[in-house]
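Here is what each chain is made of, one letter per residue.
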Amino acid sequence: MSPAVRDSGWFSANQDFFAAALAVVRSRLTGGDAAAELELLAEARLAMPAPPALESIGDAFGLSAFERDVLLLCCGVELDAGIAGACGTAGGEPQLPWATFGLAMTALPEAHWSAITPAAALRRWQLVELTHPESPASSPLRIDERILNALAGISYLDTRIESLAEPLGAPAELPPSLGEAASRLAAAWAAAATGQQAGGHHRTGCCLAGGPVRLHGRQRGDLRAVAATASAALGLRGICLRAADLPAAPVDREFLARLCERETVLTGLAWLVEVDGRSEDDARLAIDFAVRLRAPVAVAARTLVRDADRRLAQIEVAPAGPREQRDLWRHALGAATANALGNWVDRIAGQFDLGVASIAAAASEVVGAPGHDSGPDRPDAHTDRDRSSADRDHLGAALWDACRRQARPAMDSLAQRVDPHSGWDDLVLPETQLRTLREIVAQVRHRLTVLEDWGLAGRSGRGLGVAALFAGASGTGKTLAAEVLASDLRLDLYRVDLSQVVSKYIGETEKNLSHVFDAAEAGGAVLLFDEADALFGKRSEV
């Protein structure tokens, strides 16, 4: 059924069915035989273009007929004056009408005591709540607002989750390596749900899973893209939570997990819990929450979070290789723009190691800029003749700078960005040293050709970066030389503050360095370790 039909015809028919179902409960409360109301309810069901909300929710949570009637009874107290009055009269306090489980056991057919136990569906998923749980038979029984609106056909993300949640968005076009990771994640979720249902661990008809997964990879955007694609493959929407926002108290995490499970049933959601990698406490909370959550869930971090009990499967999301990045750039830019840029695409793919989302953002920033016109997408528009060399370089430089902006956020919190204004004319050095500096620039610019096109990267995965050691007395131009390199390469220059890196605690210096290098892997920066001998010069300390 199309969304338009569901929005209009289904919603109206669901309202009629809902009203007829409440009329049946009202009749039973007042002692009628409810035959006429049941006939009207059957007619309303036949008029539905799709199953009514009460039926869908009841099937999804595995509710018995009695449990569905309990939901309707609680709804009637809020929506139907006749039901509210009957509840007040039965309770002996007409001015304080509320439903109780004792009243439901007396007035509704097929009653069973197990429906009100904490492990049963009504209370496990917070469909109803007891004001005084210590007196379950006589306690006022209230329906959760989210469920009341869902039965009326109104759907939204629970407000207690919404403030913590961020939608993952639509799945992106993934390169083969990331597509394989997404397929593995979807398969893990599907297998866990199938195994859980086969084992009889729950009665619901929804996709609740018992096998959370650990995702780890360099690019945060790639982890999100993989989770979004895996969610879509199962017909779900991906929602992201931050580990730092999870409740510290176990009872509160358990409550949040039940709400998230409920949303998975009601609207079809999968969950991604992001760990920023700097706090072991956040990783511990994320693992604990994922284990509690019986729904499709993955814990995502740059590095593999520790799971001592091996409760979570693991999937590595390797970054797209340079050739895959080249294809991603051509897809994001469009054929006309990519061909008009010439070798700029290769230069950018060789320099910047951006995720799928960052590539799309940088490309849209340039392609959507005022005055951009790549010409019609036809064969004769794919040649350099359609754009002058100056125009091509202007567009390429704009895209290059957009990539630098995408890479900056991770570095800005770890090091001081220096705006380089110096050029080669400002650097006074012997010809030998100048020639070496220019060779460094050439090595950086042509690294994609050497490492990928010539295949040298396949021979070793180490030492693929470009490092230089500047030695000399103070004032001889070491920092100036770094500025010149950054300016010529059109890269950001970051000065690493050693006072924030070196630590007296064992392992902390290495961890701080790791954060700096991990952030710099996007490739948009030159790192300057000023006075580096204080950091790298003594083997006993580092």
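## Structural notes on the overall build of the protein chain
Summing up its helical and strand segments, the protein chain has 24 helices and 12 strands in all. Split into buried and exposed, the 542 residues of the protein chain put 45% on the buried side. In the protein chain, the proportion of contacts linking residues at least 24 apart, taken out of those at least 6 apart, comes to 75%. Put simply, the protein chain shows about 26,500 Å² of open surface, and 52% of that area lies on carbon and sulfur atoms.

## A short note on the nonpolar core
Core analysis: the largest hydrophobic core is formed by 66 residues, its most contacted members being Leu185, Leu215 and Trp329. When residues of this core are assigned to their parent elements, the largest contribution, seven residues, is made by helix H18 (residues 389–412). Residues contacting tryptophan 329, with those up to four places away along its chain left out, are Val345, Ile348, Ala349, Leu354, Ile359, Ala362, Ala363, Leu399 and Cys403. Of all hydrophobic cores here, the second largest spans 53 residues; its members include Ala50, Phe101, Trp125 and Val128.

## Overview of the sheet that holds strand E7 (residues 269–274)
Taken together, six strands build an open sheet; the order of strands is E4-E6-E7-E8-E5-E9 and the sheet is mixed. One side of each edge strand has no neighbouring strand; the edge strands of this open sheet are strand E4 (165–167) and strand E9 (313–316). The sheet shows a mean angle of 30° between the axes of neighbouring strands, direction not considered. By the bridge criterion, six bridges tie strand E6 (residues 237–242) to E7 in an arrangement that is parallel.

## A few points about helix H11 (residues 220–233)
For H11, which comprises 14 residues, the first-to-last C-alpha distance of 20 Å matches the rise-based estimate of 20 Å (1.5 Å per residue) to within 8%. Three or more residues of H11 are buried, namely Asp222, Leu223, Arg224, Ala225, Val226, Ala227, Ala228, Ala230 and Ser231. Just downstream of H11, glycine 235 is the residue with a positive phi angle, here 75°.

## Re the confidence of the model for the protein chain
Residue-level pLDDT values for the protein chain average 83, and 84% of them are 70 or greater. Taking the mean pLDDT of every element in the protein chain, the minimum, 64, falls on helix H24 (residues 533–536) and the maximum, 96, on E6. The low-confidence segment residues 197–207 (pLDDT under 50) makes 22 contacts with residues lying over four places distant or belonging to another chain. Scored below 50 in pLDDT, residues 375–384 shows 13 contacts in the model against residues more than four places distant or in partner chains.

## A few points about empty space enclosed by the protein
All told, the structure shown has one cavity of 30 Å³ or more when counted by the stated rule. Space inside the largest cavity adds up to approximately 50 Å³. For the lining of the largest cavity, the class distribution of residues is three nonpolar, one polar and two charged.

## Quick notes on the packing of aromatic side chains
Scanning the entire structure with this criterion turns up six aromatic pairs. Taking 5.4 Å as the distance between ring centres and 50° as the angle between the ring planes, the aromatic pair formed by phenylalanine 61 and tryptophan 125 counts as tilted. One end of the pair, phenylalanine 61, is in the loop between helix H3 (53–60) and helix H4 (65–79); the other, tryptophan 125, is in the loop between helix H7 (121–124) and strand E2 (128–130), with 64 residues separating them in the sequence. A relative accessible area of 5% means that tryptophan 125 is categorised as buried.

## Let's talk about the sheet that holds strand E3 (residues 140–143)
An order of E1-E3-E2 is seen for the three strands of this open sheet, with the pairing classed as antiparallel. The open sheet terminates on both sides in strands that have one partner only, identified here as strand E1 (99–100) and E2. As judged from the three bridges shared by E2 and E3, these two strands associate in the antiparallel manner. Counted as the bridge partner of glutamate 129 is arginine 142 from E3. In the packing of H4 onto the sheet, the strands contacted are E1, E2 and E3, and the crossing angle to E3 comes to about 90°.

## What about the pattern of salt bridges?
Throughout the structure, instances matching the rule amount to 28 salt bridges. A salt bridge links arginine 253 to aspartate 288, with the shortest nitrogen-to-oxygen separation between them at 2.7 Å. Residue arginine 253 is found in helix H12 (residues 250–267), and its partner aspartate 288 is found in helix H13 (residues 280–292); the two are separated by 35 residues along the sequence. On the basis of relative accessible area, arginine 253 is assigned to the buried category, the value being 4%. For glutamate 254, the salt bridge is made with arginine 258, and the minimal N-O distance between the two is 2.0 Å. Residue glutamate 254 and its partner arginine 258 are located together in helix H12, separated by four residues, close to a single helical turn. The buried category is assigned to arginine 258, whose relative accessible area is 5%. What you see here is one network of salt bridges that share partners, running through Arg124, Arg253, Glu254, Arg258, Glu261, Asp288 and Arg292.

Quick notes on the rules
Residues numbered from 1 in each chain as written. Predicted model: local features only at pLDDT ≥ 70, side-chain atom pairs only at ≥ 80, totals over all residues. Heavy atoms only, no water. Helix = DSSP H or I, 4+ residues; strand = E, 2+ residues; numbered from the N terminus. Buried < 20%, exposed > 50% of the residue type's maximum accessible area, 1.4 Å probe, protein only. Contact = heavy atoms within 4.5 Å. Areas by Shrake-Rupley, 256 points an atom, 1.4 Å probe, with all protein chains shown as cover. Core = buried A, V, L, I, M, F, W, Y, C linked by side-chain atoms within 4.5 Å. Pairing = 2+ DSSP bridges. Axes fitted to C-alpha atoms, helices over the stretch in contact; angles between N-to-C directions. Expected span 1.5 Å × (residues − 1). pLDDT = per-residue confidence, 0-100. 1 Å grid on protein atoms, 1.4 Å probe; cavity = no way out; pocket = protein on both sides within 12 Å on 5 of 7 lines; lining within 4 Å. Points joined across faces, edges and corners; volume = space filled by probe spheres on them. Nonpolar A, V, L, I, M, F, W, Y, C, P; charged D, E, K, R; others polar. Phe/Tyr/Trp six-rings, centres within 6.5 Å; stacked < 30°, edge-to-face > 60°. Salt bridge = Lys/Arg side-chain N within 4 Å of Asp/Glu carboxyl O.

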